[in-house]
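Structure assessment
For reference, the chains in residue letters:
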Amino acid sequence: MKSHQLSDFYEVDALFNEEERAVRDTVRQFVTEKFMPRIREDYRAGRFPVELIPQMGELGLLGSNIEGYDCPGMSHVVYGIIQRELERGDSGLRSFSSVQGSLVMYPIATFGSEEQKQRWLPRLARGEAIGCYGLTEADHGSDPGAMETTARRVGDHWILNGAKMWITNGSIADLAVVFAKTDEGIRGFLVEKGFEGFTAPEIRHKWSLRASVTSELVFQDCAVPAENMLPGTSSLKQALMCLNQARYGIAWGALGAAAACLEEAMAFAQQRIQFRRPVASFQLIQTKLTEMVTELTKGQLLALQLGRLKDQGKATPARVSLAKRNNVYHARAIARTAREILAAGGITDEYHSGRHMTNLESVLTYEGTHDIQGLIVGAALTGHEAFA
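Remember, predicted model here, so these are calculated numbers, not experimental data. (Residues numbered from 1 in each chain as written. Predicted model: local features only at pLDDT ≥ 70, side-chain atom pairs only at ≥ 80, totals over all residues. Heavy atoms only, no water.)

Details of the UniProt feature "domain: Acyl-CoA oxidase/dehydrogenase middle" (unreviewed entry) in the protein chain
In this numbering, the UniProt entry assigns the feature "domain: Acyl-CoA oxidase/dehydrogenase middle" (unreviewed entry) to residues 132-222. With 0% helix and 52% strand, the stretch residues 132-222 has end C-alpha atoms that lie 17 Å from each other. (UniProt positions renumbered as here; feature names shortened; annotations may be inferred. Helix = DSSP H or I, 4+ residues; strand = E, 2+ residues; numbered from the N terminus.)

Quick word on the UniProt feature "domain: Acyl-CoA dehydrogenase/oxidase C-terminal" (unreviewed entry) in the protein chain
On the UniProt side, "domain: Acyl-CoA dehydrogenase/oxidase C-terminal" (unreviewed entry) is annotated at positions that read residues 237-381 here. Secondary structure content for residues 237-381 is 79% helix and 3% strand, while the C-alpha to C-alpha distance between its ends is 20 Å.

Regarding helix H11 (residues 353-365)
Between its first and last C-alpha atoms H11 spans 19 Å; for 13 residues at 1.5 Å apiece the expected length is 18 Å, and the two agree. Here H11 has its buried residues at Ser353, Gly354, Arg355, His356, Asn359, Leu360, Val363 and Leu364. Just downstream of H11 lies Glu367, where phi reads positive at about 60°. (Expected span 1.5 Å × (residues − 1). Buried < 20%, exposed > 50% of the residue type's maximum accessible area, 1.4 Å probe, protein only.)

A few points about the nonpolar core
In terms of nonpolar packing, the biggest core is built from 47 residues, with Trp252, Leu262, Leu289, Met292, Leu296, Ile341 and Leu360 touching the most fellow members. If you tally residues by element for this core, the top one is helix H8 (residues 236-271), at 15 residues. With residues near it in sequence (within four places) discarded, Met292 still touches Cys261, Leu262, Ala265, Ile334, Thr337, Ala338 and Ile341. Counting 41 residues, the second-largest nonpolar core is a separate cluster that includes Ile53, Trp158, Phe198 and Val213. (Core = buried A, V, L, I, M, F, W, Y, C linked by side-chain atoms within 4.5 Å. Contact = heavy atoms within 4.5 Å.)

Quick notes on the packing of helix H5 (residues 76-89) against H8
Orientation of H5 relative to H8, taken along the N-to-C sense of each, is 40°, at an axis distance of 7 Å. With respect to each other, H5 and H8 are oriented oblique. Relative to H8, the crossing made by H5 is right-handed. Residue-level contacts link His76, Val77, Tyr79, Gly80, Ile81, Gln83, Arg84, Glu87 and Arg88 of H5 to Tyr248, Gly249, Trp252, Gly253, Ala254, Leu255, Gly256, Ala257, Ala259, Ala260 and Glu263 of H8. Considering only residue class, the contact of H5 with H8 consists of 10 nonpolar, 6 polar and 4 charged. (Axes fitted to C-alpha atoms, helices over the stretch in contact; angles between N-to-C directions. Parallel < 35°, antiparallel > 145°, perpendicular 65-115°, else oblique. Left-handed = near helix turned anticlockwise from the far one by under 90°. Nonpolar A, V, L, I, M, F, W, Y, C, P; charged D, E, K, R; others polar.)

Here's the deal with the pairing of strand E1 (residues 131-134)
Here E1 shows no split at all, with Gly131 and Tyr133 on one side and Cys132 and Gly134 on the other all buried. Pairing analysis gives 4 bridges linking E1 to strand E4 (residues 175-182), with the strands arranged parallel. Paired with Cys132 across the strands is Ala176, a residue of E4. (Pairing = 2+ DSSP bridges.)

Brief notes about a nonpolar patch on the surface
Nonpolar side chains collect at one region of the surface, where Met1, Phe9, Tyr10, Leu15 and Leu301 lie side by side and expose about 580 Å² of accessible area between them. Since its relative accessible area comes to 46%, Phe9 is described here as partly exposed. (Patch = residues over 30% accessible without salt bridge, like charges linked within 9 Å, V, L, I, M, F, W, Y side chains within 5 Å. Areas by Shrake-Rupley, 256 points an atom, 1.4 Å probe, with all protein chains shown as cover. Salt bridge = Lys/Arg side-chain N within 4 Å of Asp/Glu carboxyl O.)

A word on unusual backbone geometry
You will see that Glu11, though not glycine, has its phi angle at about 55°, which is positive. Tracing the chain through its elements places Glu11 in the loop between helix H1 (3-6) and helix H2 (18-35). With relative accessibility at 55%, the residue Glu11 sits in the exposed group. In this model, Phe275 sits at a positive phi of 55°, which is unusual for a non-glycine residue. Here Phe275 lies in the loop between strand E9 (273-274) and strand E10 (277-278). Overall, Phe275 belongs to the exposed group, its relative accessible area being 70%.

Focus: the pattern of salt bridges
This structure, assessed with the given rule, holds 25 salt bridges. Note that Arg28 and Glu85 form a salt bridge whose closest N and O atoms lie 2.8 Å from each other. Here the residue Arg28 occupies a position in helix H2, and Glu85 occupies one in helix H5, the gap between them amounting to 57 residues. It is possible to trace a salt-bridge network through shared partners that takes in Asp13, Arg24, Asp25, Arg28, Arg84, Glu85, Arg88 and Glu263.

Some words on the pairing of strand E2 (residues 150-154)
Sheet analysis places E2 next to strand E3 (residues 157-168), joined by 5 bridges and oriented antiparallel. Of the residues in E3, the one forming a bridge with Arg152 is Ile159. Counted between consecutive antiparallel strands, the loop separating E2 from E3 contains 2 residues, among which Gly155 sits at a positive phi close to 65°.

Considerations on helix H10 (residues 317-341)
Helix length check: H10 (25 residues) gives 36 Å between terminal C-alpha atoms against 36 Å at 1.5 Å per residue, within 8%. Trailing H10 by a residue or two, Ala343 shows a phi angle of about 60°, which is positive.

Here you go:
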């Protein structure tokens, strides 16, 4: 079976329209030709390929579902396809696009002033500016409402104090969307690189997402002009709306990593000879491959229907959480099984499945852990919130 048939067993891609297929092919070619030849070295070095950012902007991969202000304005399904194809390469590549579009451009487009939109959205869409998103803190992950970062109004500025943790793009960002507690509730702020009192040290020595920039954001009496406050923010609700956008893209993206692992495991199983036969001919391997194809196929159907619902305005947070929870969980299982099929070689970077496997450990956790997604769905089902 050809690799594209293997990773699209139910011909789900045949349900795409012409534009959606064209975007799929374009992004897949970009990942194959520009990204894959360098990923091993970037992963070893713990380096994100910043040189590719302008090309991502040219292809419309940054904020693809944001409308106006020189943004691509494509559908949510197209956005999902982009995330899937980027994560075929690496979760770090998809994370960059996801943060730029869903966690930086989305809040500016949704909660920002006209001046903020005109100033930032075109540059972010072209990749001329890089953004990051500051909500999570070292001691406040699943409970962001307990954040300790504060902002107080002093004249025509807000003074920020506190720190954010595990921030993708932080050290290379020109702009940080930061949520902080104020006397008026939780507000969002646009903190620009170079503001006095703002630093973004990079977090090194990671097992996971090595080809991605992960940072801490530190604010020590950081003065932010009043016009940099996002006027449409007033509570934690707006911050969680941003996370919901990112979770949607993750539900698609994880399928790309899963497909890459499945294809690699199948190619190995067909070529690896043991007991004078390819290991693909043994029952144990065939059963593993069947489980992998089954869960990938279910995830593809789930993501596509979620995308259609989102384009119709029907993608509730619980529906998004269900897809993020399911697809990442099973993508991680597929990556682990692929690593098993690859045998001893699977622990080296001669193959890609081990890299996807370690990346997906982070994806399972960020933008809302697997367990928290379960509680979001559970609350929608029962009408009772189980959060403490």
